[in-house]
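# Overview (structure and organization)
Chain by chain, the residues run as shown.
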Amino acid sequence: MQNVTNTSYMFYNCSNLKSATIGKGITSIGNYAFSGCSSLTSITIPKNVKSVGESAFENCPRLKDVYCYAEKAPATGSNVFASSPISNATLNVPKASLESYKATAPWSEFGAIKSMDVEYIYIETDVTSQFPTDWKGWSGTTGYTSTQFAPMVTTNDGRTIS
């Protein structure tokens, strides 16, 4: 999601999306960004995200794991997780932020809230497809092709593992 400024409806009703890692440059997840992603099981939210829009993860019936690296629980619009089984899902957050998430709705409504040992995980991906200038998102598509996955993990003590 490089150079993206508006994530509203980006993956709306993308039924084949199973997991997503939001790019580290994103600061706000737009309204309905992942709404209706019926196969989505895991989402990774970078530490720079300050807000999550209305119904961003609504109707994601297979959602099991959310990894949110924001040090402060992001502000949320209404119905962010409506019709998604977050009472049976796990929210993973930075260790220093655990109590903040436990005290802030809707984050506090997850069935389990756990602290993570790593500060941030960022996976860089080169997407091979080119998008037209009027591209509005991947609504209803089957996915995309990537040429490379190069994981890099930064631990709490500052070590980088790749």
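Residues numbered from 1 in each chain as written. Predicted model: local features only at pLDDT ≥ 70, side-chain atom pairs only at ≥ 80, totals over all residues. Heavy atoms only, no water.

This part covers the overall build of the protein chain. For the protein chain, the count of helices and strands is one helix and eleven strands. Counted from the first residue to the last, the protein chain has its helices and strands arranged as β-β-β-β-β-β-β-α-β-β-β-β. Of the contacts formed within the protein chain by residues at least 6 apart in sequence, a portion of 45% connects residues at least 24 apart. Surface exposure of the protein chain reaches about 8,900 Å², of which carbon and sulfur atoms provide 46%. (Helix = DSSP H or I, 4+ residues; strand = E, 2+ residues; numbered from the N terminus. Contact = heavy atoms within 4.5 Å. Areas by Shrake-Rupley, 256 points an atom, 1.4 Å probe, with all protein chains shown as cover.)

Moving on to the environment of Ala96. Here Ala96 lies in the loop between β7 (90-94) and α1 (98-102). Residue classification places Ala96 among the exposed positions, given a relative accessible area of 84%. In the structure, Ala96 is positioned 20 residues away from Met116 in sequence and 9.4 Å away in space, judged by C-alpha atoms. (Buried < 20%, exposed > 50% of the residue type's maximum accessible area, 1.4 Å probe, protein only.)

What the rule picks out here adds up to nine aromatic pairs. Seen in terms of ring centroids, Phe11 and Phe34 are 5.1 Å apart; in terms of plane orientation they differ by 15°. Their pairing is stacked. Of this pair, Phe11 sits in the segment before β1 (19-21) while Phe34 is found in the loop between β2 (28-29) and β3 (42-45), placing the two residues 23 residues apart along the sequence. Take Phe11 and Phe34: they sit in the same class, and that class is buried. Summarising the aromatic geometry, the rings of Tyr101 and Trp107 are spaced 5.8 Å apart at their centres and angled 80° between planes, so their arrangement reads as edge-to-face. Judged by relative accessible area, Trp107 falls into the buried class, the value being 0%. Among the aromatic residues, those joined into a cluster by ring pairs are Phe11, Phe34, Phe57, Phe81, Tyr101, Trp107 and Phe110. (Phe/Tyr/Trp six-rings, centres within 6.5 Å; stacked < 30°, edge-to-face > 60°.)

As a further point, take the sheet that holds β1. Spatial ordering of the open sheet is given by β1-β3-β5-β7-β8, a layout of five strands whose pairing is parallel. Only two strands of the sheet have a single neighbouring strand rather than two, namely β1 and β8 (112-116). Averaged over all neighbouring strand pairs, the angle between strand axes comes to 15°, with direction disregarded. (Pairing = 2+ DSSP bridges. Axes fitted to C-alpha atoms, helices over the stretch in contact; angles between N-to-C directions.)

Before going further, it helps to examine the sheet that holds strand β4 (residues 51-52). The strand order β2-β4-β6 describes an open sheet built from three strands, whose pairing is parallel. Edge positions in the open sheet fall to β2 and β6 (75-76), since each of these has one partner strand only. With two bridges joining them, β4 and β6 adopt parallel strand pairing. Looking across to β6, one finds that Val52 is bridged to Thr76.

So, on to the environment of Asn31. Relative to the helices and strands, Asn31 is located in the loop between β2 and β3. Looking at Asn31, the relative accessible area reads 32%, which means it is partly exposed. Distance in space between the C-alpha atoms of Asn31 and Val52 is 7.4 Å, their sequence separation being 21 residues. If near-sequence neighbours (up to four positions away) are discounted, Asn31 is found in contact with Ser8, Tyr9, Gly53 and Glu54.

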